[in-house]
Amino acid sequence: MSESSFQEDVLGELGPEGLTEIASLLGTDAAGARETVATTVGAMAGGLQEKAAAGDDEEEVRQAFAEVAEPPLQGVATLGGGLLGGGLMAGVLAKVSKPVAAAVSKKTGIPPATVSRVIELLIPVLLTVFAKRAAAGKGAAAEAPAPGAAPGAAPAEGGGLGDLLGQILGGGRK
């Protein structure tokens, strides 16, 4: 797989059907939906980086990325939710969604409630892209738990959360 931007990966995962749904919600064409999605995804990535930099939230963001990097549960173990239920990362994304909706609304003129609906549609897509990027090795080394650590434990110190975010999000490109 060639190196692509985080926004391109999200747009690819969203596909034409998802873009059409968002275009309908926004009352625009596919190009307008594409631009809004790119702006929103960039703001979400920035929001994650800001949340991580806030200090108190760094561990929550680190654990959320570690959870996304784990292989999905299979069989009976999936009854509790797992990645499809959203887990920690869905919660982290939900926490940054309101300020992101306000920022995107201010930038684009789209009502905040409409941007919030777009974000709701994008969260499962973002979770999928995070998981695929982690599985492809983007951030895999930084996300590996320390030897002897329990599965799902926070990654070993060393790279720092900024490096982890840069690897998963593609070097912080916006």
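Residues numbered from 1 in each chain as written. Predicted model: local features only at pLDDT ≥ 70, side-chain atom pairs only at ≥ 80, totals over all residues. Heavy atoms only, no water.

Novice: Tell me about the overall build of the protein chain, residues and numbers included.
Specialist: Helix and strand counts for the protein chain stand at 8 helices and 0 strands. Counting helices and strands in the order they occur from the N terminus, the protein chain gives α-α-α-α-α-α-α-α. When each of the 174 residues of the protein chain is scored for burial, the buried share is 41%. Contacts in the protein chain between residues far apart in sequence, at least 24 positions, make up 73% of those at least 6 positions apart. Looking at the protein chain as shown, the accessible area adds up to about 8800 Å², and 57% of this sits on carbon and sulfur atoms. (Helix = DSSP H or I, 4+ residues; strand = E, 2+ residues; numbered from the N terminus. Buried < 20%, exposed > 50% of the residue type's maximum accessible area, 1.4 Å probe, protein only. Contact = heavy atoms within 4.5 Å. Areas by Shrake-Rupley, 256 points an atom, 1.4 Å probe, with all protein chains shown as cover.)

Novice: An account of the side chain of Thr39 is requested, with residue identities and associated values reported.
Specialist: Counting through the fold element by element, Thr39 comes out in helix H2 (residues 30-53). Exposure remark for Thr39: the relative accessible area of 18% places this residue in the buried category. Setting aside anything within four residues of it in sequence, one finds Thr39 in contact with Val104, Lys107 and Thr108.

Novice: Account for the packing of helix H5 (residues 87-108) against helix H6 (residues 112-135), naming residues and giving values.
Specialist: Helix-helix packing is characterised by the crossing angle of the two axes and by the distance between the axes. Interhelical geometry of H5 versus H6 gives an angle of 140 degrees and a closest axis separation of 9 Å. When the interaxial angle is binned, H5 and H6 end up oblique. In this structure, the crossing between H5 and H6 has a hand that is right-handed. Every residue of H6 that contacts H5 at Met89, Ala90, Leu93, Ala94, Ser97, Val100, Ala101, Val104 and Ser105 is listed here: Pro112, Val115, Ser116, Ile119, Ile123, Leu126, Leu127 and Phe130. Residues of the contact of H5 with H6, tallied by class, amount to 14 nonpolar, 3 polar and no charged. (Axes fitted to C-alpha atoms, helices over the stretch in contact; angles between N-to-C directions. Parallel < 35°, antiparallel > 145°, perpendicular 65-115°, else oblique. Left-handed = near helix turned anticlockwise from the far one by under 90°. Nonpolar A, V, L, I, M, F, W, Y, C, P; charged D, E, K, R; others polar.)

Novice: Please set out the side chain of Ser105 residue by residue, giving values where relevant.
Specialist: Mapped onto the secondary structure, Ser105 falls in helix H5. In this view, Ser105 contacts Ile110, Pro111, Pro112 and Val115; residues no more than four positions away in its chain are not counted.

Novice: I'd like a rundown of the packing of aromatic side chains, residues and numbers included.
Specialist: A complete count under the given rule lists 1 aromatic pair for this structure. Taking the centre distance of 5.3 Å and the plane angle of 15 degrees together, the rings of Phe6 and Phe130 count as stacked. Here Phe6, found in helix H1 (residues 6-26), pairs with Phe130, found in helix H6; they are 124 residues apart in sequence, far enough to count as distant. Across the pair, Phe130 and Phe6 agree in class, each one buried. (Phe/Tyr/Trp six-rings, centres within 6.5 Å; stacked < 30°, edge-to-face > 60°.)

Novice: Tell me about the nonpolar core, residues and numbers included.
Specialist: In this structure, Val10, Ile22, Val37, Met89, Leu93 and Phe130 are the most contacted members of the largest nonpolar core, which totals 39 residues. Mapped onto this core, the elements with two or more residues apiece are H1, H2, helix H3 (58-69), H5 and H6. (Core = buried A, V, L, I, M, F, W, Y, C linked by side-chain atoms within 4.5 Å.)

Novice: I'd like to hear about the pattern of salt bridges, residue by residue, with values.
Specialist: Any two side chains of opposite charge can pair, given that their charged atoms come close. Applying the stated criterion across every chain yields a total of 3 salt bridges. A salt bridge links Lys132 to Glu13; the shortest N-O distance between them is 2.6 Å. Placement of the pair is Lys132 in helix H6 and Glu13 in helix H1, with a sequence separation of 119 residues. Between Glu120 and Arg117 there is a salt bridge, with its nearest N and O atoms 3.1 Å apart. Taken as a pair, Glu120 and Arg117 lie in helix H6 at a separation of 3 residues, close to a single helical turn. By relative accessible area, which is 48% here, Glu120 ends up partly exposed. (Salt bridge = Lys/Arg side-chain N within 4 Å of Asp/Glu carboxyl O.)

Novice: Which residues make up the packing of H2 against H6, and what are the values?
Specialist: Packing of H2 against H6 leaves a shortest axis separation of 11 Å and a crossing angle of 65 degrees. With respect to H6, the element H2 is oriented roughly perpendicular. Taken as a pair, H2 and H6 cross one another with a handedness that is right-handed. Contacts from Val37, Thr40, Val41, Met44 and Leu48 in H2 reach Ile119, Leu122, Leu126 and Phe130 in H6.

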